[in-house]
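The primary structure of each chain is shown beneath.
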Amino acid sequence: MTFRILIVTAVAAEADSVGLGLPFHGPGSGEVPLPGGFALRRHTGPAPDPAGTPQAATVRPAVVADVLVGGVGPAAVAAATATALASAAAPYDLVVSAGIAGGFAPAAPLGSVVVSDTLVAADLGAQTPDGYVDVEELGFGRSAHRAPEPLTRRISAALAAGGQRHTVAPVLTVSTVTGTAARAAELAGRHPDAAAEAMEGFGVAEAAAAYGVPVVEIRAVSNAVGPRDRAAWRIGEALDSLRNTFQLLCHSVFVEPAP
């Protein structure tokens, strides 16, 4: 049995951190070109055992983990994800949107990880004299995808066991990153349970849904949602948390389908 996972990031630095956490370097690993100028970073091998020692593929499932740099924003990454899904020789078992993000205080402090229970398009709708109206209310589609609850429970348990600070909560997708306190307050008011804001998750989820593949978003927090203060950003720390997260998950959750 082979478990196939597609991990989609926006930029190369995020893909680098994800790749450093993947313990799969067997035959078939390397770059796989896709149409449209995209390329997969393929990692293959037998799944490691819980102690981290690779075992034979006959004992543990084989894993194909493809990492895709899909571009910034929901439109670019939806196109990239759909290209990878359409080009796959065998169907994927799971799609993951991964990277760094802004965190809503106090739920998601710097360096912590947010696992999506819902992937939400936070600005897909209309402004009206009475406030924001999402696309569902307008009757034009959907603005949220739920991650499978058994999957998010398993991810949370694995991160807790490995000592990685995290929370399970909605992750917002926006086309314009928040840069003011007023905008942060507006988003928090509309989505009081949200813990993070990024730019790609909903786009990845739309493509995954079109192919019937489960999806989850995993974000490491590099900055607080609100006024832009580059001096306070902790991108290196967030990338380290991203690497650690995938290292932990590859010993359990990401090597076999959810029950």
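K.L.:
Got a minute to help me understand the packing of aromatic side chains in this structure?
P.N.:
For any pair of aromatic rings, geometry is given as the distance between the ring centres together with the angle between the planes. As enumerated under the stated definition, the model contains zero aromatic pairs in all. The cationic tip of Arg-190 hangs over the ring face of Tyr-132; the distance from NZ or CZ to the ring centre is 3.8 Å.

K.L.:
What am I meant to see in the nonpolar core here?
P.N.:
In summary, soluble globular proteins display a tendency toward joint burial of nonpolar side chains. Residues Val-96, Ile-155, Phe-246 and Phe-254 are the most contacted members of the largest nonpolar core, which totals 51 residues. Residues in contact with Phe-254, not counting those within four places in the same chain, are Phe-3, Ile-5, Val-63, Leu-94, Val-96, Ile-155, Ile-218, Phe-246 and Leu-249.

K.L.:
Sorry, what's going on with helix α1 (residues 12–21) here?
P.N.:
Structurally, the α-helix is built with 3.6 residues per turn, so residues lying three or four positions apart point the same way. Within α1 the residues assigned to the buried category are Glu-14, Ala-15, Ser-17, Val-18, Gly-19 and Gly-21. Residues of α1 that are buried sit in contact with β1 (2–9), β3 (39–46), β4 (62–69), β5 (94–103), β12 (215–224) and α7 (235–249).

K.L.:
Got a minute to help me understand the environment of Ala-108 in this structure?
P.N.:
Along the chain, Ala-108 falls in the loop between β5 and β6 (113–121). Residues Ala-108 and Ser-222, 114 residues apart in the sequence, show an inter-C-alpha distance of 9.9 Å. Discounting residues that sit within four places of it in the chain, Ala-108 has contacts with Gly-103, Val-114, Ala-195 and Val-221.

K.L.:
Whenever I open this one, the pattern of salt bridges confuses me. Can you help?
P.N.:
Where charged atoms from two side chains of opposite charge come close, those side chains can pair. This structure, assessed with the given rule, holds nine salt bridges. Its salt-bridge partner being Glu-149, residue Arg-153 comes within 3.4 Å of it at the nearest N-O pair. With Arg-153 and Glu-149 both in helix α4 (residues 149–161), this residue pair falls four residues apart, about one helical turn. Between Glu-186 and Arg-183 there is a salt bridge, with the nearest N and O atoms lying 3.5 Å from each other. You can see Glu-186 and its partner Arg-183 sitting in helix α5 (residues 181–190), three residues apart, about one turn around the helix. Classification of Glu-186 by relative accessible area gives partly exposed; the value is 33%. Shared partners join several salt bridges into a network, and the residues in it are Arg-183, Glu-186 and Arg-190.

K.L.:
Just to check I follow, could you spell out the packing of α1 against α7 for this structure?
P.N.:
The relative placement of two packed helices comes down to the angle between their axes together with the axis-to-axis distance. It is at 7 Å that the axes of α1 and α7 come closest, and there the two elements cross at 35°. α1 and α7 meet at a crossing whose hand is right-handed. For the pair α1 and α7, the contacting residues are Ala-13, Glu-14, Ser-17, Val-18, Leu-20 and Gly-21 in the first and Leu-239, Leu-242, Arg-243, Phe-246 and Gln-247 in the second. Of the residues belonging to the contact of α1 with α7, the class tally is six nonpolar, three polar and two charged.

K.L.:
Whenever I open this one, unusual backbone geometry confuses me. Can you help?
P.N.:
For residues besides glycine, phi is generally negative; the peptide bonds are generally trans as well. Here Ala-105 and Pro-106 are connected by a cis peptide whose omega angle stands at 0°. Topologically, Pro-106 is positioned in the loop between β5 and β6.

K.L.:
How should the packing of helix α2 (residues 74–87) against helix α6 (residues 201–210) be read in this particular structure?
P.N.:
Where α2 meets α6, the closest approach of the two axes is 7 Å, and the angle between their N-to-C directions is 30°. Our classification of the angle between α2 and α6 gives roughly parallel. Of the two possible hands of crossing, α2 and α6 adopt the one that is right-handed. Taking contact as the criterion, the partners of Pro-74, Val-77, Ala-78, Thr-81, Ala-82 and Leu-85 in α2 are, on α6, Gly-203, Val-204, Ala-207 and Ala-208. Tallied by class, residues from the contact of α2 with α6 come to eight nonpolar, two polar and no charged.

K.L.:
Would you mind showing me how to read the side chain of Asp-66 here?
P.N.:
For Asp-66, the location among the structural elements is in strand β4. Setting aside anything within four residues of it in sequence, one finds Asp-66 in contact with Ile-5, Leu-6, Ile-7, Leu-40, Arg-41, Arg-42 and Tyr-92.

K.L.:
Quick question: what am I supposed to make of the pairing of β5 here?
P.N.:
Burial of β5 is extensive: ten of the ten residues sit out of reach of the surface. Bridge count between β1 and β5: four bridges; the pairing is parallel. Each residue of the ladder has a partner; that of Ile-5, found in β5, is Leu-94. Alignment of β5 against β12, held across nine bridges, turns out to be parallel. Among the inter-strand pairings, Gly-99 is bridged to a residue of β12, identified as Arg-219. Relative to strand β11 (residues 196–198), β5 is paired through two bridges, and the arrangement is antiparallel. For Gly-102, the partnering residue across the bridge sits in β11 and is Glu-197.

The rules we used
- Residues numbered from 1 in each chain as written.
- Predicted model: local features only at pLDDT ≥ 70, side-chain atom pairs only at ≥ 80, totals over all residues.
- Heavy atoms only, no water.
- Phe/Tyr/Trp six-rings, centres within 6.5 Å; stacked < 30°, edge-to-face > 60°.
- Lys NZ or Arg CZ within 6 Å of the ring centre and 35° of its normal.
- Core = buried A, V, L, I, M, F, W, Y, C linked by side-chain atoms within 4.5 Å.
- Buried < 20%, exposed > 50% of the residue type's maximum accessible area, 1.4 Å probe, protein only.
- Contact = heavy atoms within 4.5 Å.
- Helix = DSSP H or I, 4+ residues; strand = E, 2+ residues; numbered from the N terminus.
- Salt bridge = Lys/Arg side-chain N within 4 Å of Asp/Glu carboxyl O.
- Axes fitted to C-alpha atoms, helices over the stretch in contact; angles between N-to-C directions.
- Left-handed = near helix turned anticlockwise from the far one by under 90°.
- Nonpolar A, V, L, I, M, F, W, Y, C, P; charged D, E, K, R; others polar.
- Parallel < 35°, antiparallel > 145°, perpendicular 65-115°, else oblique.
- Pairing = 2+ DSSP bridges.

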